[in-house]
Amino acid sequence: MSAVHICARASLCAKCLIIFFLLLYLQVVPLVNNASESFLASLEEHLMLLVVSLNQAVVKSCVSCLGAIVNKITKNYALIRDCFQKFYRILDQTRSQIMQNRQINNLSAAIRRSLFTIGILMRYFDFKSKEVVGATNGLSPTICNDVFECLMFFAQYQNPDIRKEALIALGSFCVMNDDYLTNTKLKRYYCDMLLSETSDACFKIICLRNIWIYLTESEMNMFNKEKDWDKQSKT
C-alpha cells in the first residue's frame, strides 16, 4: 500500500472519529445542566472551525451539534448568523456575477461548499424566528425567501456539480421551511426532474431523498413534541 493510500485512509478514519465524537456530544451536551460558559464557548468555536474546513459529513454533524447547543442552551445566534452570512455572501455575489455573464470557473468548490452549508444551517436553525434572524443589525426578515430563490437559481445552473449541490441544499432547506414544498417553482422543478426521460438518475434520486428526509424529520419532530408534552403533563 502506497504512502498516499495510507494517508488517505488515516484521514478518513480521523473524520469518522470526529463524526462519532460529535454524535456523542449531540446526545450528551443538552443533558448537562451546569456546563460552564467557557466550555460551551470553546465547543462552539471548535465546531465552527470544523464547519469551514472539513467535508460534508463532518459539517452536517457539526451543525447538528451546534443546533442542540445553541437552540437549547446558549442561544448564541450571533455565531450562527456570522457563519451564515459568510457563506451566503459567496452565493449572492456569485449569482450576480453569473447574471452579468462573468466567468466563475475557479469558484466552483467555494460555491458547492456554500450551498451545502447554507442548506444545513437552514435545516437545524429556524430563520423565520426573530431570535435567530436578530433584532438589530441582523439578517433580512425575508431571508428564507431570499435563500430559496438563490438555491433555485443554482439548481438550474449549467454546471451539474453545482446543480446537484443546490438540489441537496433545497432538501435541507425544506425540512425547517416546509411551506416551500408546495411552492409552484419547486413543485414544477421536482415534477419535471422526475418525469424527464433525459434527467440523470442521480438527480431523480436526490429529489426523492429530499422528500424522504422531510417526512422522516417531520415524524421525528412530532415524536419529540409528543414526548415533551407527555413529560409536562406528568409534572
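> How should I be thinking about the overall build of the chain in this particular structure?
Summing up its helical and strand segments, the chain has 10 helices and 0 strands in all. Mapped from its N terminus to its C terminus, the chain presents α and β elements in the order α-α-α-α-α-α-α-α-α-α. The proportion of buried residues among the 235 residues of the chain is 38%. In the chain, the share of contacts with a sequence separation of at least 24, taken over all contacts with a separation of at least 6, comes to 68%. As displayed, the chain has an accessible area near 13,900 Å², and 57% of this comes from carbon and sulfur atoms.

> What am I meant to see in the pattern of salt bridges here?
Where side chains of opposite charge bring their charged atoms close, a pairing between them can arise. Going through the model one piece at a time under the given rule, you end up with 4 salt bridges. Its salt-bridge partner being Glu217, residue Arg123 comes within 2.5 Å of it at the nearest N-O pair. You can see Arg123 sitting in helix H5 (residues 108-124) and its partner Glu217 sitting in helix H10 (residues 201-234), a full 94 residues away along the chain. By the burial criterion, Arg123 is buried, and Glu217 matches it.

> Help me understand the nonpolar core, please; the structure alone is not making it clear to me.
Ranked by internal contacts, the top residues of the largest apolar core, which has 61 residues, are Phe84, Phe125, Phe127, Ile143, Val147 and Phe154. When residues in this core are grouped by element, the largest group, 9 residues, is from helix H7 (residues 143-155). Other than its neighbours up to four places away in sequence, Val147 contacts Phe84, Tyr88, Ile118, Met122 and Phe173.

> Could you clarify how one ought to interpret the packing of H5 against H7 in this entry?
Between two packed helices, both the angle of their axes relative to each other and the distance between the axes serve to describe the pair. Across the interface, H5 lies against H7 with an axial gap of 12 Å and an inter-helix angle of 140°. In terms of axis orientation, H5 runs oblique to H7. Between H5 and H7 lies a crossing whose hand is left-handed. Contacts from Ile111, Leu115, Ile118 and Met122 in H5 reach Cys144, Val147, Leu151 and Phe154 in H7. Across the contact of H5 with H7, the residue classes break down as 8 nonpolar, no polar and no charged.

> What is the right way to read the environment of Arg163 from this model?
One can find Arg163 in helix H8 (residues 160-176). Separated by 51 residues in the primary sequence, Arg163 and Arg112 place their C-alpha atoms 8.9 Å from one another. With residues up to four places along the chain from it excluded, the contact list for Arg163 reads Phe154, Ala155, Gln156, Tyr157, Gln158, Tyr189 and Phe203. Within the structure, Arg163 has its side chain in polar contact with the backbone oxygen of Tyr157 (distance 2.9 Å).

> Sorry if this is basic, but what is going on with the packing of helix H4 (residues 77-99) against H5 here?
Relative orientation of the contacting elements H4 and H5 amounts to 135°, with a least axis distance of 9 Å. Overall, the two elements H4 and H5 adopt an arrangement that is oblique. Relative to H5, the crossing made by H4 is left-handed. Taken together, the residues of H5 that come into contact with H4 (itself represented by Ile80, Cys83, Phe84, Phe87, Tyr88, Ile90, Leu91 and Thr94) are Ala110, Ile111, Arg113, Ser114, Leu115, Thr117, Ile118, Leu121 and Met122.

> Teacher, can you tell me more about the packing of aromatic side chains here?
Aromatic ring pairs are defined here through the distance separating the ring centres and the angle between the ring planes. Inspection of the entire model under this criterion finds 8 aromatic pairs. Taken together, a centroid distance of 4.7 Å and an interplanar angle of 35° make the contact between Phe148 and Tyr180 tilted. Highlighted residues: Phe148 in helix H7 and Tyr180 in the loop between H8 and helix H9 (184-195), separated in sequence by 32 residues. You'll find Phe148 and Tyr180 in the same group, each marked buried. Taken together, the ring pairs connect Phe84, Tyr88 and Phe127 into an aromatic cluster. Above the ring of Phe87, the side-chain terminus of Lys86 is found at 6.0 Å from the ring centroid.

> Looking at this structure, how should I read the side chain of Arg81?
Topologically, Arg81 is positioned in helix H4. One buried charged side chain, Arg81, makes no salt bridge at all; its nearest oppositely charged neighbour is Asp82, positioned 6.2 Å away. Excluding anything up to four places from it in sequence, Arg81 contacts Glu131, Val132, Val133, Gly134, Gly138 and Leu139.

> Can you help me understand helix H2 (residues 37-51) in this one?
Two residues of an α-helix separated by three or four positions point the same way, owing to the 3.6 residues in each turn. In this model, H2 (15 residues) spans 21 Å end to end at C-alpha, consistent with the 21 Å of a helix rising 1.5 Å per residue. Along H2, the residues classified as buried are Leu40, Leu43, Glu44, Leu47, Met48 and Val51. Take H2 and look down its axis: the buried residues cluster within an arc of 135°, on one side only.

> Would you mind going over unusual backbone geometry with me for this structure?
A positive phi is found at Lys75, a non-glycine position, where the angle reads about 60°. Checked against the element boundaries, Lys75 lands in the loop between helix H3 (56-74) and H4.

> Help me out: how do you make sense of the side chain of Arg95 in this one?
With respect to the secondary-structure elements, Arg95 resides in helix H4. When residues no more than four places from it in sequence are discounted, the contact partners of Arg95 are Tyr88, Glu149, Cys150, Phe153 and Phe154.

Conventions and cut-offs
Residues numbered from 1 in each chain as written. Predicted model: local features only at pLDDT ≥ 70, side-chain atom pairs only at ≥ 80, totals over all residues. Heavy atoms only, no water. Helix = DSSP H or I, 4+ residues; strand = E, 2+ residues; numbered from the N terminus. Buried < 20%, exposed > 50% of the residue type's maximum accessible area, 1.4 Å probe, protein only. Contact = heavy atoms within 4.5 Å. Areas by Shrake-Rupley, 256 points an atom, 1.4 Å probe, with all protein chains shown as cover. Salt bridge = Lys/Arg side-chain N within 4 Å of Asp/Glu carboxyl O. Core = buried A, V, L, I, M, F, W, Y, C linked by side-chain atoms within 4.5 Å. Axes fitted to C-alpha atoms, helices over the stretch in contact; angles between N-to-C directions. Parallel < 35°, antiparallel > 145°, perpendicular 65-115°, else oblique. Left-handed = near helix turned anticlockwise from the far one by under 90°. Nonpolar A, V, L, I, M, F, W, Y, C, P; charged D, E, K, R; others polar. Polar contact = N/O pair within 3.5 Å; in protein donor to acceptor, adjacent residues only side chain to side chain. Phe/Tyr/Trp six-rings, centres within 6.5 Å; stacked < 30°, edge-to-face > 60°. Lys NZ or Arg CZ within 6 Å of the ring centre and 35° of its normal. Lys, Arg positive; Asp, Glu negative; His and termini not counted. Expected span 1.5 Å × (residues − 1). Arc of directions from axis to C-beta.

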